[in-house]
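Each chain, written out:
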Amino acid sequence: MLEIKDLHVSVDGKKILKGLNLTINAGEVHAIMGPNGAGKSTLSNVIAGRDGYEITSGSVTYKGDDLLAMSPEERAWAGVFLAFQYPVEIPGVNNTYLLKAGVNAKRKHQGLDELDAFDFMSVVKEKAKLVELDPSFLSRSVNEGFSGGEKKRNEIFQMAVLEPSLALLDETDSGLDIDALRIVAGGVNKLRSADRAIVMITHYQRLLDYIEPDFVHVLANGIILKTGDKSLALELEEHGYDWVKETL
Amino acid sequence: MKLIQTVKQDALACFEKIGLPSKRDEDWKYTDASRLAGLLEMSDANKKVDSNGLGMLDLDAYRIVFINGVWDEKQSNLPKGVAIQSLTAINDSKLFQISADAPLLNGFNALNAAKARDGAAICLADNSVLDKPLYILHVSNQNQIIRHGMMLGKHAQANIIEHFISVGEDKALSNASTAIILKAGAHLEHSRIQQEGKAQSHVARVEVKQLRDSSYTFHGVELGASLSRTDLVVSLSEQGASCDLNGLFVLGGRQHVDHHTRIDHIAPHCTSRELYRTILDDRSHAVFNGKVMVHKGAIKTDSKMSNGNVLLSKHAEIDTKPELEIYNDDVKCAHGATVGQLDDQQLFYLRSRGISEAAAQELLTFAFADEVLAAMSNQVVRSYVEKEAFAKLPHGDDLEGLLGE
Ligand SMILES: Nc1ncnc2c1ncn2[C@@H]1O[C@H](COP(=O)(O)OP(=O)(O)O)[C@@H](O)[C@H]1O
Ligand SMILES: [Mg+2]
């Protein structure tokens, strides 16, 4: 589904990613861990198409297409979704409206008819239950006045409605208390499927207790320094990232 | 000579003395009043105007229609038991009194008092509540001078909408003035929607005096005219009074709109809120000057002002100046202005959810402006303004779908 080859990315002239390689197939769940400032958000932002990153070399292929040549909205239509580390507040833009516009834009792109308001609302209500999102959030402005945990929950709710093929969850677990973590993780687990890939960026082993990854990667020094199974996360928890660097 | 004639002559003398504002006048630094010097003559003959189909047709409201500044009896529909009359019917000299040293008073205002031909004199008795909005539609195709007076008795309540439309291509000036007194506990929601034609200019003064615990909500919407200037002067004269001033400009072409607002906190425990937003395209130019004066005895004053501006074109210009003068310590004031393009992070967020770049820009622009309109209590008025405002935006045609909640 996603193939990243020798990706070099700079921000403001500073090299962040230095030849990163990563392959992700449908149905897989990957966890990316790594020290602060390693470039994890940089990677997810580059995949989602955010401006301000200088891609100096390498390629990103998604379902056979050159992802880097696509606009952010084209990537969304093609099934890429980013749950933001810091979801932005958008006063005056209604949460439900945003999703309806997003879903219909994608459907239009796929040559499908727009959902009518009634069908759309029943989908939305069902998905809100998945992450136990209070229905009052549906009619509020996007993320405005939401607590940190509510914002993260809202991101996963959006993921549920938009039904992406490739979901990148950037530190979705940060800022969640243990109950909220369980609920959000439960929602993500229900969204696992054979034709969907999920990439979780996280600092904490505890998320991986709930959502079991097929692969765990360590992103450091601008590359994927080490890849293993879920036991790698346990070792990281015990020994820290320096241990990875030393063992190489 | 009758008192009223004396008062009008005094106003004329005042105009002759102070003349039109000049660019040397600090309050007129950015707005060229000399452009209007040729538009002061009032013709005796009233041109015909076809006002059919104009204005907010589906608004359930009492109506007064002014054609070229003259009350049109046939098109008006008034509530029963409320004293609403043409200015010409009541010879009350107080309605024409001006004071040369009132804040922001200028030559246009003096001329208005001296020469106003008509207006609405609205007087709500104590405890009376208008069960429907009062919609005052002004349609013109020549110079006009209008002078309204509104007095709300104790605990009276009303929602009054002034709407200005012009037809025809001739250059002309509307000089409009509204003087308001709110007695104890009265509440007035007052909209002024300026939607005059391209060749038109508009000069207005709104002066509000608030007594104890009264509240005043203003919505100033600027969509039309080539040049429009409003002076909004609110005096919080007794304890517990509060005002909420909202302004929305959506401008394009070479439109020039200037609002100078002045709030005087005279009494203690008064609250003022001010939210002005402008969206400027092409070579349009907006001026916002919001001055709040907290007087010596006005302890426990609570004042917030914010002015946000979005420039859609690099040739558009905003001059904004929130001003605060405080003469005691026991106050809570927060004032600020921002100028910018749309927020990149918000744009990316929307696009990452599948909204196209153009639609995301429109949506954010819409949301930015619509926050000002959220305070409008009448949804028909709000939808009308939303629609008319967004028809002016670059991709406004597609925006219908965005308007619903
Ligand atoms: N927009 C930006 N402007 C400047 N520096 C940035 C920007 N985004 C990221 N960086 C820098 O790039 C590095 C990687 O950041 P990031 O990808 O956010 O790391 P992580 O998510 O792994 O903590 C950091 O040193 C950070 O300061
Ligand atoms: Mg990060």
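Treat the numbers as computed from the prediction; the structure is a model and nothing was measured.

Chemist: Break down the packing of helix α4 (residues 117-130) of chain A against helix α5 (residues 148-162) of chain A for me, citing the residues and quoting the values.
Modeler: All names here are of chain A. With their axes 9 Å apart at the nearest point, α4 and α5 run at an angle of 135° to one another. Regarding the angle of α4 to α5, the classification is oblique. Read as a crossing pair, α4 and α5 show a hand that is right-handed. On α5, the residues that touch Phe120, Val124, Lys127, Ala128 and Leu130 of α4 are Phe157, Ala160 and Val161. Class assignment of the residues belonging to the contact of α4 with α5 gives a composition of seven nonpolar, no polar and one charged.

Chemist: Quick rundown of the pattern of salt bridges? Include the residues and the values.
Modeler: Going through the model one piece at a time under the given rule, you end up with 25 salt bridges over all chains. For Asp92 of chain B, the salt bridge identified is with Lys94 of chain B, shortest N-O distance 4.0 Å. As a salt-bridge pair, Glu386 of chain B and Arg382 of chain B come within 3.3 Å of each other at their nearest N and O atoms. In this pair, Glu386 of chain B and Arg382 of chain B are both assigned in helix α5 (residues 379-391), four residues apart and thus about one turn of the helix distant. Judged by relative accessible area, Glu386 of chain B falls into the buried class, the value being 6%. Arg382 of chain B gets classed as buried once you look at its relative accessible area, which sits at 14%. Here the salt bridges share partners, and the residues they tie into one network are Glu73 of chain A together with Arg351 and Glu357 of chain B.

Chemist: Quick rundown of the coordination of the magnesium ion (ligand 2)? Include the residues and the values.
Modeler: In the first shell of the magnesium ion (ligand 2), the protein supplies Ser41 of chain A (OG) and Gln85 of chain A (OE1), at 2.0 to 2.2 Å from the metal. Here Gln85 of chain A lies in the loop between β6 (80-83) and β7 (90-94) and Ser41 of chain A lies in helix α1 (residues 40-48), a separation of 44 residues in the sequence.

Chemist: I'd like to hear about the site of ligand 1, residue by residue, with values.
Modeler: Residue and element names in this part refer to chain A. Around ligand 1 sit Val11, Asp12, Lys14, Ile16, Pro35, Asn36, Gly37, Ala38, Gly39, Lys40, Ser41 and Thr42, and those are all the residues in its vicinity. Between ligand 1 and Lys40, the relevant distance is 2.8 Å, taken from an oxygen atom to a main-chain nitrogen or oxygen of the residue. In the model, an oxygen atom of ligand 1 is placed 2.9 Å from a nitrogen or oxygen of the Ser41 main chain. Surface burial for ligand 1 is 62%, taken as the share of its 560 Å² of free accessible area covered by protein chains. At the level of elements, β2 (14-24) and α1 are the ones that each hand at least two residues to the shell around ligand 1. At three residues, the largest contribution of residues to the shell around ligand 1 is made by α1. A class-by-class count of the residues in the shell around ligand 1 yields four nonpolar, five polar and three charged.

Chemist: Give a description of the pairing of strand β12 (residues 223-228) of chain A that names residues and reports values.
Modeler: Residue and element names in this part refer to chain A. Where strand β11 (residues 215-220) meets β12, five bridges bridge the pair, whose relative direction is antiparallel. What sits directly across from Val216, in β12, is Gly228. What sits between β11 and β12 in their antiparallel hairpin is a turn of two residues, with Asn221 showing a positive phi close to 55°.

Chemist: Describe the sheet that holds strand β10 (residues 200-210) of chain B, listing the residues and the values that go with them.
Modeler: All names here are of chain B. Here nine strands make up an open sheet; going across it, the order is β3-β4-β6-β8-β10-β12-β14-β16-β18 and the pairing mixed. Both edges of this open sheet fall to β3 (83-86) and β18 (317-326), since each of them pairs with a single strand only. If you compare each strand with its neighbour and ignore which way they point, the axes differ by 5° on average. The strands touched by helix α2 (residues 107-115) are β6 (144-152), β8 (172-182) and β10; relative to β6, the strand with the most contacts, the crossing angle is about 85°.

Thresholds, definitions, all that
- Residues numbered from 1 in each chain as written.
- Chains lettered and ligands numbered in written order.
- Predicted model: local features only at pLDDT ≥ 70, side-chain atom pairs only at ≥ 80, totals over all residues.
- Heavy atoms only, no water.
- Axes fitted to C-alpha atoms, helices over the stretch in contact; angles between N-to-C directions.
- Helix = DSSP H or I, 4+ residues; strand = E, 2+ residues; numbered from the N terminus.
- Parallel < 35°, antiparallel > 145°, perpendicular 65-115°, else oblique.
- Left-handed = near helix turned anticlockwise from the far one by under 90°.
- Contact = heavy atoms within 4.5 Å.
- Nonpolar A, V, L, I, M, F, W, Y, C, P; charged D, E, K, R; others polar.
- Salt bridge = Lys/Arg side-chain N within 4 Å of Asp/Glu carboxyl O.
- Buried < 20%, exposed > 50% of the residue type's maximum accessible area, 1.4 Å probe, protein only.
- Donors = N, O, S within 2.8 Å, 3.2 Å for Na, K, Ca; no water.
- Near = heavy atom within 4 Å.
- Polar contact = N/O pair within 3.5 Å; in protein donor to acceptor, adjacent residues only side chain to side chain.
- Areas by Shrake-Rupley, 256 points an atom, 1.4 Å probe, with all protein chains shown as cover.
- Pairing = 2+ DSSP bridges.

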